[in-house]
Amino acid sequence: MRRSSIGWKLIRLHTILVYIFMFTPIVVVIVLAFNPKQFGIFPMEGFSFRWFVKLAQNDSIIDAFKNSLILGGLTAVLSTSIGIMAALAFIRFDFRGKNTINTLLLSPIMIPEVVLGVALLLFLRFLQQPKSFALLLIGHVVLTLPYVLLIVQARLVGIKKEYEEAAKSLGANGFQTFMEVTFPLLLPAILAGALFSFTISFDDITATLFWATAENQTVPVKIFSMLRNSISPEINALGTVMIVMTVATPLLAGYLSRKFTNLKA
Amino acid sequence: MATSKKQPLVQFKGIMKQYGKVTAVEKMDFDIEEGSLVTLLGPSGCGKTTLLRMVAGLEDPTEGDIYIKGVRINDTPIHKRNLGMIFQNYALFPHKTIFDNVAFGLKYRNVSKDQIREKVMQALEMVRLPGVENRMPSQLSGGQQQRIAMARAIVIEPDVLLMDEPLSALDENLREEMRREVDNLQQMLGVTTIFVTHDQREALSMSDKILVMKAGRKQQEGDPQTVYNQPVNHFVADFLGHSNFIKGQIVDVNKEHVHVQIETGDLLIADNKNTFNLGDRVELVVRAQRFDLVDEDEITTKQEMNSFAGRIKDRSYMGGEVSYFIELGTGREIHIISMMRTRIYSIGEKVRVQVAPHHCHLLAIES
């Protein structure tokens, strides 16, 4: 095919425009975060970390950050552990109602988050319990579990049953087989699942708006409430930190996993 | 003298396996002597792998019992059965080094670190792959991986070695070599071995005993020569080797021979094994290799030799031998594999086909 034809040129132009459309707002946020002025106007007059310093001094934002980190971390741990167990059950065993349960666990992907948010609140009302951090955690596990489940299941299908059978025939019991064979082979999927859970939990807003309380604000919820009062350049700085975190975490994980496998080989 | 006979190492008693309504293995009794290599042979889906997996503890029998060394093992979990299992796709742990792979079973067996090292090295030596202990499985070829799988299975000194089509993933030449290697290793160690295969040549060349299976049923058990030369039914005769089947009726019986009138009208003499009577309808089995092909005008020297005139209809040259399809006088076609003791005949040529009575095996006609 001739790369220089008009068609190809159009496709290239189109692609470039799409990328510009997608990434310009993000770039603007990052650039303006370093703008020393109160109002974001181009051209910028200088460069400063002023808003980042201010951010670091804002206790309510630091609290929200801590909340988000703890929540994301716990969500990742819970989602992955439940996800691994569920995936093992679905792939390695046969039982009644298997498909139904599988669909139920995956359904949060298909249900609008607003509905999920309200539903969990109504359920809580039915149980006559107050909103709490635990509710937030449960909600986020429900939201992220489908992703873990899908990733771990896909990997588990690719791990031949024979590995586990071989381990057992050589004298390892069920638990030893899991620790020595299944878990290490699943590890890439487990890490990916945990990462997904963390990032989804870290920047979820729709459902979290329903579940968060004044004490349990997450960073996105905090940004949302800040925006309602005024547009402070602090938000740009906060946005930049969020972007760096959600982009850097997977990159770092990818780098570590590659380094890890290189060491082994 | 039943008491002096050694107890079989592995015994199946009324073993049966059903999946839902499908019967994978029909009620079956079967014994395996200590130190022997027994092959479970049959087409795919005949239940041979299910039988093996029941010994391994990877499937639970629906009915019946399995004994190893006289102990019923139905309820013994897999990891306590002390068996060495070798899989078709090797199943080496891809994330462990060769050393850790081979050492895997020893970790659960109260063996000191030094002893583990010594035993692993010994096992690698035995499968003729010393020096690969620090490599990963993916760095080895298929044949090498299969040897490591063997080392991993024998290093734990299992009571029974279970092999599930271990050679079928290898290419033709390597398979032949590995077959001999497995055979040698098994004899050297004297470990009782159950070998599952659908390859008749593997079964015939390695086994002390063959169990031929079809659709979950035992067809015949015996040493390779018996199973090959005296098949009990059409299936066994057809599955092992290239056979010609000719239907006929017994028209004369004397002390040594029976005379069979075959469908073409010709008379054929077979050895009398006292299993059939005058008038019985029978099926004759003659191996394609047992026929002799001679020139049309050559005269038989022995009186009992069966001899027919025929015409070469088709042939294929296969290097070491020639495969002929020969049309007999009445249109009946037979398959002959000739080792070219005489010359190669061309298509259309008239020839004489001979076969000795002791190569004509009689079967009852199955309804």
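Relevant structure appears above.
Let me sum up the structure you'll find in this document. (Residues numbered from 1 in each chain as written. Chains lettered and ligands numbered in written order. Predicted model: local features only at pLDDT ≥ 70, side-chain atom pairs only at ≥ 80, totals over all residues.)

**Here's the deal with the overall build of chain A**
To keep things clear, this is the line we draw: Secondary structure elements are taken from DSSP: a helix is a run of H or I of four residues or more, a strand is a run of E of two residues or more, and numbering for both begins at the N terminus. Put simply, the radius of gyration uses C-alpha atoms, and a globule should come to 2.2 Å times the residue count raised to 0.38. Residues are called buried when their C-beta atom has 20 or more other C-beta atoms within 10 Å, exposed when it has 12 or fewer, and partly exposed otherwise; all C-beta atoms are positioned from the backbone. Throughout, a residue-residue contact means that the two C-beta atoms, derived from backbone geometry, are no farther apart than 7 Å.
From N to C terminus, chain A includes 11 helices and 0 strands. Start at the N end of chain A and walk to the C end: the helices and strands fall as α-α-α-α-α-α-α-α-α-α-α. Its C-alpha atoms give chain A a radius of gyration of 23 Å, more than 25% over the compact-globule value 18 Å for 265 residues. Its C-alpha atoms give chain A principal-axis dimensions of about 70 × 65 × 40 Å. Expressed as a percentage of the 265 residues in chain A, the buried residues total 31%. For chain A, restricting intrachain contacts to residue pairs at least 6 apart in sequence, the fraction spanning at least 24 positions comes to 77%.

**Remarks on helix α5 (residues 113-127) of chain A**
Put simply, the rule is: Helix span, as expected, comes to 1.5 Å for every residue beyond the first.
Taking 1.5 Å as the rise per residue, α5(A) with 15 residues should run 21 Å; its terminal C-alpha atoms sit 21 Å apart, in good agreement. One or two residues past the end of α5(A) sits Gln128(A), with phi positive at roughly 55°.

**So, the pairing of strand β3 (residues 37-41) of chain B**
Residues and elements named next belong to chain B. The cut-off we apply is this: Should DSSP find at least two bridges between two strands, the strands are regarded as paired.
With 5 of its 5 residues buried, β3 lies for the most part within the structure. Burial along β3 is two-sided: Leu-37, Thr-39 and Leu-41 and Val-38 and Leu-40, pointing in opposite directions, are all buried. Direction of pairing for β3 relative to strand β8 (residues 192-197): parallel, over a ladder of 5 bridges. Pairing of Leu-40 across the sheet is with Val-196, part of β8. Pairing of β3 with strand β9 (residues 209-214) involves 4 bridges; the strand directions are parallel. Paired with Thr-39 across the strands is Ile-210, a residue of β9.

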